[in-house]
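Listed here are the chains, written in short residue letters.
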Amino acid sequence: MAGLEDLGIAGPSEISNILSHDDPMTAITEFQGQNGILLPSLKPALNLLDLHGVPRRDFHLSTLEEMREKLLKRVQELAASGKEEDQKRLVELLEKSFPIAKVKHVRPVVLCVLEHIPKIDKQYLDRILQDKDLLREVAVPVKRQIWEDRLNLFADACSPLISEYVSEKETALFSQEHGTLSFFLPNPKARRQGAIVAKLVYMIGRNTKLYHMVVNFLRTLFLRKRNVHYCTLRVEILMALHDAEVNEIISVDPIHKFAWCVDACVRERNINPNLQRELQGLLDGIRKGQESILGDLSMVLCDPFALNTVVLSAMKLLQHCINTDTLPRENTDLQLLMRMIALGLGAWDMNDSGVYKEPKMDPHLFTKYLPTIVGMMADDQTRAVMTKIPDAVIKPPQLPSELYAIFIKQSPIASIIAMYYVLQAARQKDRMVVMEVLPTLIHCENDRAYEDTFLHSLASYLIPCGEDFSSDDFCQAVLDDFFVPAVSMENVRKHVMRLLWYVHPFMSPDRLSAVMETMQPDQDHSEAVHKTFAALKTKIEEHMPEPVPVPEVIDSPLLSVPVPTPMIS
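Residues numbered from 1 in each chain as written. Predicted model: local features only at pLDDT ≥ 70, side-chain atom pairs only at ≥ 80, totals over all residues. Heavy atoms only, no water.

Caption draft 1: Broad picture of the packing of helix 28 (residues 490-503) against helix 29 (residues 509-519). As a packed pair, helix 28 and helix 29 sit with axes 11 Å apart at the nearest point and diverge in direction by 150°. By the angle class used here, helix 28 and helix 29 are roughly antiparallel. Of the two elements, helix 28 crosses helix 29, and the hand of that crossing is left-handed. Residues R493, V496, M497 and L500 of helix 28 pack against V515, M516, T518 and M519 of helix 29. A breakdown of the residues in the contact of helix 28 with helix 29 according to their chemical character gives 6 nonpolar, 1 polar and 1 charged. (Axes fitted to C-alpha atoms, helices over the stretch in contact; angles between N-to-C directions. Helix = DSSP H or I, 4+ residues; strand = E, 2+ residues; numbered from the N terminus. Parallel < 35°, antiparallel > 145°, perpendicular 65-115°, else oblique. Left-handed = near helix turned anticlockwise from the far one by under 90°. Contact = heavy atoms within 4.5 Å. Nonpolar A, V, L, I, M, F, W, Y, C, P; charged D, E, K, R; others polar.)

Written out as structure tokens, the structure reads:
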């Protein structure tokens, strides 16, 4: 009951003093008379309650609860009125009630009043900071006023949510439960309506200072951990604020319009001509002295959902080159998409170095490499048509040229185009292309082909090709030549186990046994890897092949009747 003395009400110290100097029974009677509910009509009722054995404490608590509920309702009414005099009443109520904020039965009133005062006096904020229990219980609008001057506390409050967000993304990439569902399937609007993004947006409110702190925090985490999910969260927070029409923030973020255009492309799963013109205008419109904006633009394009949309659109334009018999260098839309891909892939380097310039495009990318990819795609289509012609001689795809090998080793753009070319072949179940080209991806620049988002998509497209894993050549190309050389990386090991979870029934026992022996984790691997491997091993052991159907024996006298000779017309 700390704080009662400040309001002129007898508190613990005064009660102790009275009981130690006066006759206890007399002191108690006097105290009850002075501090009870002073209503003459109530006295007979109290005696009646005494006769029924109802403790005075229970009666006073029930009365206090009833009064508290009415007071809370009145506070809500004053806050909703919007009148200046009502706001003054709330401030006066806070002044009178705050000293007894530690009293459990009164604290809800104090918390409610604090929540509805737009600008709380600094003295109260300082006292809330000193009381950890009160700081934990006050509403977010109150905490927001504290965080504004103590950004380190805001960072401490955000960190667990950000870590949980990244953990959810990684779970979606590695979980066997998702089967063939693509990581990129959810609509962006649905994604940013998730609980974590909603909490972070509510914590930011309309405070630009807190928003910029979150953006800088996410940039720092991205640079420290090189995890692209921080880029996704940066975009989702901005677009969630856009959906909520928080103009105080979106009007001061220079990349808002660019992020909105990219979000529209992701939502439509395509970059239409209107959005292309808008994006190009925004990129070309960056003035001298504003180059640092490129750092945030590159993070928007580094978001896996955005990068996936841009690269898929580029693959469609390469197909358009085949259909129209044109060269990639003649397609201006393709040039824009390559600029965007370059920005997305170079996001970490740009923000780490602080040199905000668009990466230079190698002219040979358009004049030599992309024509090579177009030629490979055209050969694949020709071969697909040949398979439908009876007795046609089908030639397997040739090993990519030396030029292709040089480009994927040196260029991140060439690497990701090659990776999506393989994804396209896997989605179309073109096993010949997968067998020839997938093993070459081990040479991609900076081990780019072993990034989680690509491996997730690759496994998702290979799972429906389960019957192909009955072929030793296919297993050799996919597992031995591509996955197994990199299983020392824990993330690769997780993706292989996800793939095996579904395709193991089609593999020969010897092949499966050899792969599982290679996948056996040791003490250096995480607990998650050990658990997943144990579950996979159990699933394989419990798998019972479907019995081969035995033809039914038909015992009928008709079988001994000779077949009549056909009549010759």
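Caption draft 2: Geometry of helix 23 (residues 402-410). Taken residue by residue, helix 23 has Y404, F407 and I408 as its buried positions. One face of helix 23 carries all of its buried residues, which in axial projection span an arc of 95°. Opposite the buried face of helix 23, at more than 90 degrees from it, the exposed residues are E402 and Q410. (Buried < 20%, exposed > 50% of the residue type's maximum accessible area, 1.4 Å probe, protein only. Arc of directions from axis to C-beta.)

Caption draft 3: Inspection of helix 18 (residues 293-302) at higher detail. Of all 10 residues in helix 18, 10 are buried; the element is thus mostly enclosed. Looking at helix 18, one finds that the buried residues are I293, L294, G295, D296, L297, S298, M299, V300, L301 and C302.

Caption draft 4: Structural context of the pattern of salt bridges. Applying the stated rule across the entire model yields 28 salt bridges. R431 is the salt-bridge partner of D468, the closest N and O atoms lying 3.2 Å from each other. Remark: R431 occurs in helix 25 (residues 431-437) and D468 occurs in the loop between helix 26 (452-462) and helix 27 (472-483); sequence separation between them is 37 residues. A residue is classified by how much of its surface remains accessible, and D468, at 19% relative accessible area, is buried. The partly exposed category is assigned to R431, whose relative accessible area is 29%. When salt bridges that share partners are traced, they join R192, D243, D263 and R267 into one network. (Salt bridge = Lys/Arg side-chain N within 4 Å of Asp/Glu carboxyl O.)

Caption draft 5: Expanded view of the packing of aromatic side chains. Evaluation of the coordinates by the stated rule reveals 10 aromatic pairs. Between Y450 and F482, the aromatic rings sit 5.0 Å apart at their centres with planes inclined by 20°, giving stacked as the arrangement. Of this pair, Y450 sits in the loop between helix 25 and helix 26 while F482 sits in helix 27, placing them 32 residues apart in sequence. Accessibility expressed as a relative area gives 7% for Y450, which makes it buried. On the accessibility criterion, F482 (0% relative accessible area) is buried. Its guanidinium or amino end placed over the ring of F174, K494 lies 4.7 Å from that ring's centre, counting from NZ or CZ. (Phe/Tyr/Trp six-rings, centres within 6.5 Å; stacked < 30°, edge-to-face > 60°. Lys NZ or Arg CZ within 6 Å of the ring centre and 35° of its normal.)

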